[in-house]
2 protein chains.
Amino acid sequence: MRPTKFLLTERELPTHWYNIQADMKTLPGPGLHPQTLQPLTYDDMRVLLPHDLIVQEMCQDRWVPIPEEVMNIYALWRPTPLIRAHRLEEALGTPAHIYYKWEGTSPAGSHKPNTAIPIAYYNKVAGVKRIVTETGAGQWGSALSLACNLFGLECLVYMVKISFEQKPFRKSLMQTWGATVHASPSTTTNSGRAMLERDPNMPGSLSIAMSEAIEVAATDPNSTYALGSGLNHVLMHQTVLGLEAKKQMEMAGEYPDEIYGCCGGGSNFAGLSFPFLADKLAGNTNPHVVAVEPAACPTLTRGIYAYDHVDTARVGPVIPMYTLGSGFVPAGIHAGGLRFHGDAPLVCQLYKDGVIGAEAYRQLEVFEAAVTFARSEGIVPAPESAHAIRAAVNAALRAKEAGEQKVILFSLSGHGNFDMVAYDKYFAGDLEDYTLPQEEIDRALAEIAHLPKP
Amino acid sequence: MRPTKFLLTERELPTHWYNIQADMKTLPGPGLHPQTLQPLTYDDMRVLLPHDLIVQEMCQDRWVPIPEEVMNIYALWRPTPLIRAHRLEEALGTPAHIYYKWEGTSPAGSHKPNTAIPIAYYNKVAGVKRIVTETGAGQWGSALSLACNLFGLECLVYMVKISFEQKPFRKSLMQTWGATVHASPSTTTNSGRAMLERDPNMPGSLSIAMSEAIEVAATDPNSTYALGSGLNHVLMHQTVLGLEAKKQMEMAGEYPDEIYGCCGGGSNFAGLSFPFLADKLAGNTNPHVVAVEPAACPTLTRGIYAYDHVDTARVGPVIPMYTLGSGFVPAGIHAGGLRFHGDAPLVCQLYKDGVIGAEAYRQLEVFEAAVTFARSEGIVPAPESAHAIRAAVNAALRAKEAGEQKVILFSLSGHGNFDMVAYDKYFAGDLEDYTLPQEEIDRALAEIAHLPKP
């Protein structure tokens, strides 16, 4: 039998997360208060986050220990498999070796619980009663619902209304884990009511849902807020998957020449790539590391590096990042998630410094790669994850062209079981390619021209 | 860290399936031709099945080698984890040790590919071009679509119309793997047309869909038929999961006192239990082994042992089994699958001989156990699998009552990602308990009184 899966036992679970801040030449500037535009203080953050997570957000230590209570939950499904995609290689006729890190085996079906679990744990320790968050199609909301449930916390989720209505099954998942889910914009917050007054039929957006969640957390002393991507501590928690992948690549006896991860806020991309970037930043290896984004929301490839609000209603902080402008509304015809107008500051800094690259793909080529993958490797991927597949397939085809036996690693962040509507649309020919017009970017960026420059 | 998951490497994949026929004191009588009621000949079977599967159906060897081509596909996700349900034990406050074998990590999300893969392989070897089958909610249809796709065969699936319309996402999954899916009853077969003439709005049933699939396979020389449960070779293929579980229980240093598997046709129950029954039949151990069925379709617990047709239109064979009568129509309000009117002949014989037991549960108590499980172990189970959870939870509560440290093993056959409608109904209070009235059983059994007695 040819070796296909590289498995670790739970005794080989990483005991520490990797904090890339310890190794970066330049760190991004501080987050700013949305009203004063002054650097956020500990007290500003304490309104939204528990003490331990603020400490982690600022932490410069290279290694941060994973609490045993978190390890015990991780062990329900971690370590996850690293899989050699023999059948995909054969289908492409490439001499490249393709590996993928498979995160879809978590109960929520994606990598998101890797950070939801420690977030719930540190909140529990801090005596918090309820965590509030926003979610788009529901990957993050379901992960946090799971995590809160496992630690006996309440969970309140603002879910973008159009997903709440059209993709009800991740909502059902959240309810099975005991969470309360509101369609956003809702009548339960000032930001929601303001939006509904402007347009009662507004379909919602991630950025509006975020405003609602932040408002609730900021005004209830027993509640905190949790963000599923972007923040430093979130990216750090996700490194558990890349640290595993590194050990597993060693088991396979190879080191990746090229690494691809899909990038919305950046948590999955960072989780896989940061532990390998540790080697690169130390000058020991030189993998080509690429964040893959949709052409419909091309933050790194077409945004500008600027200070911008994280949310539409401007209740969240102002942070330095590549952005399309916080007023940007992602195209409704785009089926593939990854719709945030910015990216994690750490990912943006690495891109700005030339440590990582970025590529953007249109949705038809992304779904084509998803189907190629499903028909060779079996797994039906989440559309988000399929962006990384597309990039890895292209890399493998370049290797074929060049006759080079490249080693390619990508992150398969989740399964597509709750995304079959998008596959149906793809097969029915109802998906269109969409590239964001420059005027739209220019318009949204003009709105943030008054903010300080990083 | 407490040990939670017991993992095998792919080098430890079982190399042979276990064939319980070699160890049974009594074997069930032969299948009969539906018209002549004479024992099925090789030629009768050859119309529907390839040579190698007929040989396996009759085989008395204890061990049957697994072809390398099948092992290579199994290795995409097998061996699957055996998990110690620490958190469920704590939630129940039981001294029992609860283990579950988790089959939801396959690309189709259930144990069904364990037999779909070898079925597709042996058909490929025989030069078959297309496999035809039926499916209810789609677990089997999606598994066979996956398998056919991986071996480059066409797949045609007759899907019960009400599921085709109300639960479209497993259909989407089948289409992603390249299968053709018809709603049954359809206009493509004589049996389908006859049903539609009688009632154009008929919602369909598994038994009608089976008639359609068998008709197509029997009349097209390039097509064969595949059944996802019941047949001897299907049960044998599924033992790969029980053989793994046995090795994993050894890793855990325990042997199960009680074993529970959900039982519709019997493939998941047999897969887990048969390798342990090998010990029991040899007199070496004495585990209490229980097939768990729904009170809405209580084949073993309330059916009679008789020769009966496998399908409504009576084109398939007549076999000896516990049956509610092939004219039995399962209640529409039952949300949990497992609706076949009979059971696998091997499972029935073992029950008749007192080697195994059976328990039936109502759907509200089954969903209650499913939610308890989801909220303690994280995984949202398929409603079918939740029958085994219910029985295992009751066993653990009995152990608590008695203060006994029982070792309980059950099979978690699949995830509930495509069953969230049923969970929504449960939470909304729209599910009702239903126990099959005795008159209905009597009526359906009267229709088969003319058949030979086993």
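Residues numbered from 1 in each chain as written. Chains lettered and ligands numbered in written order. Predicted model: local features only at pLDDT ≥ 70, side-chain atom pairs only at ≥ 80, totals over all residues. Heavy atoms only, no water.

Engineer: Outline the sheet that holds strand β9 (residues 223-225) of chain B, supporting the account with residue identities and numerical values.
Structural biologist: Residue and element names in this part refer to chain B. Spatial ordering of the open sheet is given by β8-β7-β6-β9, a layout of 4 strands whose pairing is parallel. Taken across any chain shown, the strands that pair with only one partner, and hence form the sheet edges, are β8 (180-184) and β9. Adjacent strand axes in the sheet meet at a mean angle of 25°, parallel and antiparallel pairs treated alike. Two elements, strand β7 (residues 154-160) and β8, share 5 bridges in a ladder whose sense is parallel. The residue of β8 that forms the bridge with valine 160 is serine 184. Sheet strands in contact with helix α6 (residues 139-150) are β6 (130-135) and β7, and its direction is about 165° off that of β6. (Pairing = 2+ DSSP bridges. Helix = DSSP H or I, 4+ residues; strand = E, 2+ residues; numbered from the N terminus. Axes fitted to C-alpha atoms, helices over the stretch in contact; angles between N-to-C directions. Contact = heavy atoms within 4.5 Å.)

Engineer: So what's going on with the interface of chain A and chain B? Which residues, and what values?
Structural biologist: On the side of chain B, 48 residues touch chain A, which itself brings 48 residues to the contact. Counting each side, the surface lost to burial between chain A and chain B is near 4,200 Å², with a carbon and sulfur contribution of 58%. If you sort the residues of chain A by the area they bury against chain B, Met1, Leu76 and Thr176 of chain A come out on top, with a joint share of 17%. On the surface where chain A and chain B come into contact, there are 2 salt bridges. Put simply, the parts of the chain that give the side of chain A that touches chain B at least two residues each are α3 (68-74), α6 (139-150), α8 (168-176), α15 (363-377) and α17 (420-427) of chain A. (Buried area = accessible area lost by both parts, 1.4 Å probe. Salt bridge = Lys/Arg side-chain N within 4 Å of Asp/Glu carboxyl O.)

Engineer: An account of the relation of the copies chain A and chain B is requested, with residue identities and associated values reported.
Structural biologist: Rotating chain A by 180° about the axis while translating it 0.0 Å along that axis superimposes it on chain B, leaving an RMSD of 0.0 Å. Each copy turns onto its partner about a two-fold axis. A share of 100% of the interface residues of chain A reappears at the interface of chain B, consistent with the copies meeting face to face through the same patch. (Least-squares fit on C-alpha atoms with pLDDT ≥ 70 in both.)

Engineer: A description of the pattern of salt bridges should follow, citing residues and the corresponding values.
Structural biologist: Side-chain pairs of opposite charge can arise whenever the charged atoms involved come near each other. All names here are of chain A. Enumeration according to the criterion identifies 30 salt bridges over all chains in this entry. With a closest N to O distance of 2.7 Å, lysine 101 and glutamate 244 form a salt bridge. Note that lysine 101 is positioned in strand β5 (residues 97-102) and glutamate 244 in helix α11 (residues 232-252), a separation of 143 residues in sequence. On the basis of relative accessibility, which here comes to 0%, the residue lysine 101 falls in the buried class. In this structure, the salt-bridge partner of arginine 390 is glutamate 368, at a minimum N-O distance of 2.9 Å. With arginine 390 in helix α16 (residues 383-402) and glutamate 368 in helix α15, the pair connects residues that are 22 residues apart, well separated along the chain. Each of Arg78, Lys101, Glu103 and Glu244 takes part in a single network of salt bridges with overlapping partners. (Buried < 20%, exposed > 50% of the residue type's maximum accessible area, 1.4 Å probe, protein only.)

Engineer: Describe helix α9 (residues 190-198) of chain A, and please don't skip the residues or the numbers.
Structural biologist: Residues and elements named next belong to chain A. Regarding α9, the residues found buried are Ser191, Gly192, Met195 and Leu196. Down the axis, α9 shows its buried residues gathered within 130° of arc, on one side only. Exposed and oriented more than 90 degrees from the buried face of α9 are Asn190, Glu197 and Arg198. Where α9 is buried, its residues contact α7 (161-166) and α10 (206-219). Its side-chain oxygen 2.8 Å from the backbone nitrogen of glycine 192, threonine 189 forms the N-cap of α9. (Arc of directions from axis to C-beta. Polar contact = N/O pair within 3.5 Å; in protein donor to acceptor, adjacent residues only side chain to side chain.)

Engineer: Can you tell me about the environment of alanine 22 of chain A, naming the residues and giving the values?
Structural biologist: All names here are of chain A. Structurally, the position occupied by alanine 22 is in the loop between β2 (16-18) and α1 (42-46). Sequence separation between alanine 22 and tryptophan 63 is 41 residues; the distance between their C-alpha atoms is 8.6 Å. Setting aside chain neighbours within four positions, we find alanine 22 in contact with Gln60, Asp61 and Arg62.

Engineer: I'd like to hear about the environment of threonine 372 of chain A, residue by residue, with values.
Structural biologist: Residue and element names in this part refer to chain A. With respect to the secondary-structure elements, threonine 372 resides in helix α15. Relative accessible area serves as the criterion here: at 29%, threonine 372 is assigned to the partly exposed category. For the pair threonine 372 and valine 47, spaced 325 residues apart in sequence, the C-alpha separation works out to 47 Å.

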